[in-house]
Amino acid sequence: MNKIALIKKNHQFIKIRKLIIVSLLIGFLSAFLGLSLKKITEYYEEIFFHQANVNPFLYILFPVFGLSVIYFLREYLFKKKENKGIKEVFESTNSKTKNLPSYKIPSHTINGLLTVIFGGSTGIEVSTVVATATIGSVAHQKENIFRQYKTELICAGVAAGITALFSSPIAGILFAHEVISRKITRAFILTNLIAVSIAFGLLTLLKEEPLFAVSITTWHLRAIPYFILLGILAGINSVYLTKCVLFFKSRFSKISTHYHKIILGSAILSISLFIFPQLYGEGYHAIKTIIISSDSKIPLTLTLAFTFIGILILKPIVTSVTLASGGDGGVFAPSLFIGAFLGLLVASVLNTFFDIQIIPINFMVIGMAAVLSASIHAPFTAIFLVCGLTNNYTLFIPILGACLISKYTAKMIYPNTVYTFVPSI
């Protein structure tokens with residue numbers, strides 16, 4: 001009897017040891033992939049965007065070229081294999097037999113990069129999520145001992161990838177829980193903590209700076225009603241983004257010739273970029289610009305108001321068109337972009353026309369978190385992700401309130417996200 005108990009104990013020890021080792025490996029590979037994709041994208045997006053500003057003709061050329069290259073890669077290099085984005089991750093975690101094939105690592109990495117640097121109005125976040133989830137999926141297939149930990153290892157890859165992109169290990173774990181797994185086991189805690197620790201350690205070693213350099217020192221209780229207003233508006237805007245993505249995907253799916261989709265999508269994207277260059281790629285360059293302008297307290301003119309409103313209306317459309325015409329990406333970056341412009345617009349209106357004297361940068365940061373929370377129905381992910389992006393937790397309480405309000409406002413209007421919507425057959 002003691003011998004049997006000892007054998008079981010040894011087997012359990014071996015299993016935990018192997019689980020720790022594979023989590024370390026997944027964490028490093030996922031973080032390395034996420035960080036590499038982020039750096040390469042930032043580098044080339046800046047170069048191409050600058051060239052397009054100098055020569056606006058490139059706003060026409062870049063989208064059609066980028067989408068065409070992605071199409072040919074999918075057609076000939078990746079042999080017309082399916083590409084459903086993050087829904088494939090859900091299908092894999094919900095099925096005992098369906099796994100994420102290894103080709104998805106290069107496929108989503110390359111296509112996500114090409115989409116953004118050539119002006120596609122989305123981000124690399126979902127491309128990173130699928131690629132890093134695949135790292136976890138491939139790892140779980142290597143040994144029989146890992147078969148029962150499929151979801152946990154996929155989540156470990158995703159958590160490490162999100163940590164690498166946004167410098168927030170808490171956001172990585174919360175995203176893996178709120179969006180992918182939706183349950184917590186001891187194996188989930190072990191594998192994900194190890195993976196994000198390795199990812200954050202890599203970021204620390206490389207001395208990664210926060211994506212947005214903001215100076216937030218305080219917030220005032222008298223601004224609470226306006227935070228509530230921003231949360232409600234963020235929920236409405238997120239539903240508009242979701243509806244746009246679903247609408248354009250549905251309409252473009254009825255176009256039988258794929259190159260017609262590329263031509264139509266490129267035309268819409270090029271015209272929009274020509275009018276509003278801020279819509280180019282992830283749009284983080286535009287967020288950094290308005291962060292600087294918010295510090296100088298520029299009064300809201302009619303021209304500026306129409307610019308903000310135009311951007312808020314067009315961003316969901318060009319994001320949807322980018323995805324519907326073959327681009328690779330998701331709603332992470334668009335949500336942050338929309339939230340920043342929405343927050344600054346609300347603050348500017350209140351200050352200019354009502355002389356309320358609220359702090360614009362606070363509303364920008366809260367808006368980013370609130371729109372993201374409502375778009376993916378993951379408020380706690382949004383809170384820690386945005387706090388990680390700015391490396392500042394001063395606004396934690398108002399962000400928490402706005403994120404919860406935006407999420408439930410969005411759910412009251414429309415219960416689905418782009419991740420959970422299932423088209424009727």
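Up top is the structure.
These notes cover the structure that comes with them. Treat the numbers as computed from the prediction; the structure is a model and nothing was measured.

### Quick notes on a nonpolar patch on the surface
Thought 1: There is a patch of nonpolar side chains on the surface, built from L221, I224, I228, I232, I236, M412 and I413 and spanning about 680 Å² of accessible area.
Thought 2: Taken together, the elements giving at least two residues each to the nonpolar patch come down to α9 (224-252) and α16 (396-413).
Thought 3: Here the nonpolar patch gets four residues from one element, more than from any other, and that element is α9.
Thought 4: Note on placement: I232 falls in helix α9.
Thought 5: Take I232: its relative accessible area is 35%, and that puts it in the partly exposed class.

### Observations concerning the packing of α9 against helix α12 (residues 302-324)
Thought 1: Put simply, α9 and α12 touch, their axes get as near as 8 Å, and they point 35° apart. Relative to α12, the crossing made by α9 is right-handed. Where α9 abuts α12, its residues Y240, L241, C244, V245, F248, K249 and F252 lie against L312, I313, P316, I317, S320, V321, L323 and A324.

### A word on the packing of helix α3 (residues 86-93) against helix α7 (residues 169-181)
Thought 1: Where α3 meets α7, the closest approach of the two axes is 11 Å, and the angle between their N-to-C directions is 75°. If you check the angle between α3 and α7, you find them roughly perpendicular. Residues I86, V89, F90 and T93 of α3 form the contact with α7, whose own contacting residues are F175, V179 and I180.
Thought 2: Split by residue class, the contact of α3 with α7 holds six nonpolar, one polar and no charged.

### A closer look at the packing of aromatic side chains
Thought 1: Under the defined criterion, the tally for this structure stands at 23 aromatic pairs.
Thought 2: Ring geometry for F65 versus F118: centroids 5.1 Å apart, planes at 70°, classification edge-to-face. With F65 in helix α2 (residues 58-77) and F118 in the loop between α4 (104-117) and α5 (125-140), the pair connects residues that are 53 residues apart, well separated along the chain.
Thought 3: The exposure class assigned to F65 is partly exposed, which follows from its relative accessible area of 43%.
Thought 4: The buried category is assigned to F118, whose relative accessible area is 9%.
Thought 5: Note on F247 and F248: the rings are 5.3 Å apart at their centroids and 90° apart in plane angle, and the pair reads as edge-to-face.
Thought 6: Clustering of aromatic rings is evident, with ring pairs tying together Y43, Y44, F48, F62, F65 and F118.
Thought 7: Sitting above the plane of the F337 ring, K315 keeps its charged end 4.6 Å from the centroid.

What counts, and at which threshold
- Residues numbered from 1 in each chain as written.
- Predicted model: local features only at pLDDT ≥ 70, side-chain atom pairs only at ≥ 80, totals over all residues.
- Heavy atoms only, no water.
- Patch = residues over 30% accessible without salt bridge, like charges linked within 9 Å, V, L, I, M, F, W, Y side chains within 5 Å.
- Areas by Shrake-Rupley, 256 points an atom, 1.4 Å probe, with all protein chains shown as cover.
- Salt bridge = Lys/Arg side-chain N within 4 Å of Asp/Glu carboxyl O.
- Helix = DSSP H or I, 4+ residues; strand = E, 2+ residues; numbered from the N terminus.
- Buried < 20%, exposed > 50% of the residue type's maximum accessible area, 1.4 Å probe, protein only.
- Axes fitted to C-alpha atoms, helices over the stretch in contact; angles between N-to-C directions.
- Left-handed = near helix turned anticlockwise from the far one by under 90°.
- Contact = heavy atoms within 4.5 Å.
- Parallel < 35°, antiparallel > 145°, perpendicular 65-115°, else oblique.
- Nonpolar A, V, L, I, M, F, W, Y, C, P; charged D, E, K, R; others polar.
- Phe/Tyr/Trp six-rings, centres within 6.5 Å; stacked < 30°, edge-to-face > 60°.
- Lys NZ or Arg CZ within 6 Å of the ring centre and 35° of its normal.

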